[in-house]
Structure formats: C-alpha cells, structure tokens
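If you want the building blocks of each chain, they are given just below.
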Amino acid sequence: MAAQARPPRKALVTGAARGIGLAIARQLAQDGMQVLATDVDAQALAMAVSDLAQQGFAVAGEPLDVCSRAEVRALLHTLGPLDVVVNNAGIASRLLAFGDIAASELRRIFSVNVSGVFVVAQEAARQMKEGGRIVNIASRGYLGGAGASHYVASKAAVVGLTRAMAIELRWRGITVNAVAPGMVDTRMLDDFSAPMRRSLERREPSGSAADPQTIADAVAFLSSARAAQINGQVLLVDGGKSVGMPPL
Ligand code: NAD
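Now for a description of the structure that goes with this document. Here the structure is a predicted model, which means the values were calculated and not measured.

Conventions and cut-offs
- Residues numbered from 1 in each chain as written.
- Predicted model: local features only at pLDDT ≥ 70, side-chain atom pairs only at ≥ 80, totals over all residues.
- Heavy atoms only, no water.
- Helix = DSSP H or I, 4+ residues; strand = E, 2+ residues; numbered from the N terminus.
- Rg over C-alpha atoms; globule rule 2.2 N^0.38 Å.
- Buried < 20%, exposed > 50% of the residue type's maximum accessible area, 1.4 Å probe, protein only.
- Core = buried A, V, L, I, M, F, W, Y, C linked by side-chain atoms within 4.5 Å.
- Contact = heavy atoms within 4.5 Å.
- Near = heavy atom within 4 Å.
- Polar contact = N/O pair within 3.5 Å; in protein donor to acceptor, adjacent residues only side chain to side chain.
- Areas by Shrake-Rupley, 256 points an atom, 1.4 Å probe, with all protein chains shown as cover.
- Pairing = 2+ DSSP bridges.
- Right-handed = clockwise from strand over helix to strand, strands pointing away.
- Axes fitted to C-alpha atoms, helices over the stretch in contact; angles between N-to-C directions.
- Parallel < 35°, antiparallel > 145°, perpendicular 65-115°, else oblique.
- Left-handed = near helix turned anticlockwise from the far one by under 90°.
- Nonpolar A, V, L, I, M, F, W, Y, C, P; charged D, E, K, R; others polar.

**Thoughts on the overall build of the protein**
Here is step 1 of the chain: Looking only at helices and strands, one finds 7 helices and 7 strands in the protein.
Here is step 2 of the chain: Secondary structure elements of the protein, listed N to C terminal, follow the sequence β-α-β-α-β-α-β-α-β-α-β-α-α-β.
Here is step 3 of the chain: A compact globule built from 248 residues would reach a C-alpha radius of gyration of about 18 Å, and the protein, at 18 Å, matches this within 12%.
Here is step 4 of the chain: Taking the principal axes of the C-alpha coordinates as reference, the protein spans close to 65 × 40 × 35 Å.
Here is step 5 of the chain: For the protein, buried positions account for 45% of its 248 residues.

Now the structure itself:
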C-alpha cells in the first residue's frame, strides 16, 4: 500500500505584512508549510500576499490586531489547530529617556509586545497538538540598553513568558522558544534619525543592520520537527554583539 502523504504543517505569523514577519512567512512557505500571514495593516498585508504570490508562494493573508482578544479568538476558531505560531508583531518608539516615558506610551508598547504575544500564544495553545511550535520574537534589547526602557522591559517580558510557557506546555509536546534579533534592516529603524541609525549600525559586529532573512532562518529551524529538543531557549541572532565588544 502506498504511504499516505502527510498534510502540510499549518503556521500562523503575526505582523507579517513587512520586515521580519514577511521574511518568516516566505521562509515557512518555502519549507512547505501552509502559512497564514496576519497583520493589523490590512492594505500592506494584501500587497505583501500578492507579492508573495508573484514569487510563487501561496501564502494566505488575514487582517489581525494582536491587541484584540476577540479578533484573535475568532480567527483561531476558524483555523482550528495550528502546528506553528510565530509571535512577531511588535512596535518600538523613538529614543526616550527613562524619565520621559509617559504612561500611555508604556501601555502602547506593552499592549502589542507583551499582551499581543500572550493572547495569541494562549488562544493558539488551547488547540495545539503534540509537536506544536511557538516562536516569540524578542530582541537583543531585552539584555538592557539606554533610550528605550519601555521596549527593553517589554522584550524581557517576552523572554520570561517564553520560558514560563515552555515549562507548562512541554508535557503536551509543544516547544516555546524566542529569537532575539540584533539590529535588522526594516521599517522599524525609521524611528531613528539618519545620523543615529549610522552610529548604531557602526556598533554592530558586521557594521550594518542584518537582513530580515537571517532571523527567518533561525525561526524556521526552531519551527521545524528537528528542533524538538530545544525548548524555553532564547536564540540571539545578533552577530555576537551580545557576547561582548572587541578589545580596544
Ligand atoms: P516592522 O515595523 O517592519 O514590522 C512590524 C509589523 O508588525 C508591521 O507590519 C506592523 O503593521 C505589524 N503590527 C504592529 N502592530 C500590530 C498589531 N497590533 N497587530 C498585528 N500586527 C501589528 O518591524 P520589524 O523590524 O519587522 O519587527 C518585527 C519584530 O522584530 C518586532 O517584534 C520587533 O520588536 C522585533 N525586532 C526588530 C528589530 C529590528 O532591528 N528591526 C530588532 C529586534 C527585534
């Protein structure tokens, strides 16, 4: 009797209309998954999905604001169990001193970067089966840094959440890991002035912001069946900047 072909693994990527999320959606589709790209920006998402189709990738698109539990719940209900969830949607802000961050700005960052990850992961995990993979996009920033303490705190929360979820979900055969990028060449860097961006890029080991594909490659590995023994980890994809600066 001929062996039955396995159905493709189903993946959902948040914040996939551009930047790192778009690269992840493309890579997971290339790896043979059935990918649903989601984003709060419906227009940008439609353009991204159409571009992907022209490149030969049949990626579906669905608008989704990760801050709305009702939207998340409704979408996941229609999708049924997922094999892979990538919590990529995130926001930053211009550089602000700790003392100048308003309560409203702190709430804005946390609602997307922390609550958004929490809610999507929680609702998806309810239906996920054995072999499921959750990958959360943190940031090297979680280690600390000046000028964005609210962003730093939000990404440290993503790391804490990743580790806590990994412990609770491992009994169900689900892994939860985080990828923490260094500086990546996306629209998120538009928050910096050109001189500030150049100065930040000079401090990267490679001397420039990384290609989003480098993050997509790490996410693709952690999303694969091969990564079953990796759980509760934070993979820093930053050219090694987090290990230390070179000697003077
Ligand atoms: P980006 O701004 O290019 O893309 C972010 C995407 O998220 C956008 O398409 C945006 O519409 C979407 N989004 C924003 N709010 C949303 C919401 N409420 N619901 C759904 N989607 C929403 O940024 P990027 O650089 O591709 O960032 C992706 C992730 O990588 C973020 O979590 C970010 O914090 C993280 N990151 C980026 C860098 C970098 O240097 N670019 C470094 C470290 C970590």
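**Thoughts on the nonpolar core**
Here is step 1 of the chain: Counting 32 residues, the largest nonpolar core has Val-13, Ile-24, Leu-28, Val-35, Val-86, Val-179 and Val-219 as the members making the most contacts within it.
Here is step 2 of the chain: Contributions of two or more residues to this core are made by strand 1 (10–13), helix 1 (19–30), strand 2 (34–39), helix 2 (42–54), strand 4 (84–87), strand 5 (133–137) and helix 7 (212–223).
Here is step 3 of the chain: The element contributing the most residues to this core is helix 1, with 7 residues.
Here is step 4 of the chain: Apart from the residues lying within four places of it in its own chain, the contact partners of Leu-28 are Ala-11, Val-13, Met-33, Val-35, Val-84, Val-86, Ala-220 and Ser-223.
Here is step 5 of the chain: Grouped together as the second largest cluster of nonpolar side chains are 30 residues, Val-66, Met-128, Val-159 and Val-176 included.

**Observations regarding the site of the ligand**
Here is step 1 of the chain: With respect to spatial proximity, 30 residues lie near the ligand, and among them Arg-18, Asp-39, Asn-88, Tyr-151 and Thr-186 are the closest.
Here is step 2 of the chain: In the model, an oxygen atom of the ligand is placed 2.9 Å from a nitrogen or oxygen of the Ile-20 main chain.
Here is step 3 of the chain: Contact between the ligand and Asp-39: an oxygen atom at 2.6 Å from a side-chain N or O atom of the residue.
Here is step 4 of the chain: In the complex, the protein chains occlude 93% of the 830 Å² of accessible area that the ligand would expose alone.
Here is step 5 of the chain: Breaking the shell around the ligand down by element, the ones donating at least two residues are helix 1 and helix 5 (149–169).

**Concerning the environment of Phe-57**
Here is step 1 of the chain: For Phe-57, the position within the fold is in the loop between helix 2 and strand 3 (60–63).
Here is step 2 of the chain: Assessed through its relative accessible area of 15%, Phe-57 is described here as buried.
Here is step 3 of the chain: Taking the C-alpha atoms as reference points, Phe-57 and Ala-166, 109 residues apart in sequence, are found 31 Å from one another.
Here is step 4 of the chain: If near-sequence neighbours (up to four positions away) are discounted, Phe-57 is found in contact with Arg-26, Ala-29, Gln-30 and Leu-52.

**Here we look at the pairing of strand 2**
Here is step 1 of the chain: Counting buried residues in strand 2 gives 5 out of 6 residues, a clear majority hidden from the surface.
Here is step 2 of the chain: Here strand 1 pairs with strand 2 via 4 bridges, running parallel. Looking at the pairing, Lys-10 lines up with Gln-34 of strand 2.
Here is step 3 of the chain: As for the winding sense of the linkage, the β-α-β connection from strand 1 through helix 1 to strand 2 is right-handed.
Here is step 4 of the chain: In this sheet, strand 3 lies alongside strand 2 in parallel orientation, the contact comprising 4 bridges. Bridging from a neighbouring strand, Thr-38 pairs with Glu-62 of strand 3.

**A few points about the side chain of Glu-201**
Here is step 1 of the chain: Note on placement: Glu-201 falls in helix 6 (residues 194–202).
Here is step 2 of the chain: Once residues lying within four places of it in the same chain are set aside, the contact partners of Glu-201 are Met-183, Gly-207, Ser-208 and Ala-209.

**Looking at the packing of helix 4 (residues 103–127) against helix 5**
Two quantities define a packed helix pair, namely the angle between the axes and the distance from one axis to the other.
Here is step 1 of the chain: Following both chains from N to C, one finds helix 4 and helix 5 inclined at 15°, their axes separated by 9 Å at the closest point. Between helix 4 and helix 5, the angle is such that the two are roughly parallel. Both helix 4 and helix 5 take part in a crossing whose hand is right-handed. Residue-level inspection shows Glu-105, Leu-106, Ile-109, Phe-110, Asn-113, Val-114, Val-117, Phe-118, Ala-121 and Ala-125 of helix 4 in contact with helix 5, the latter providing His-150, Tyr-151, Ala-153, Ser-154, Lys-155, Ala-157, Val-158, Leu-161, Met-165 and Leu-169.
Here is step 2 of the chain: Split by residue class, the contact of helix 4 with helix 5 holds 15 nonpolar, 3 polar and 2 charged.

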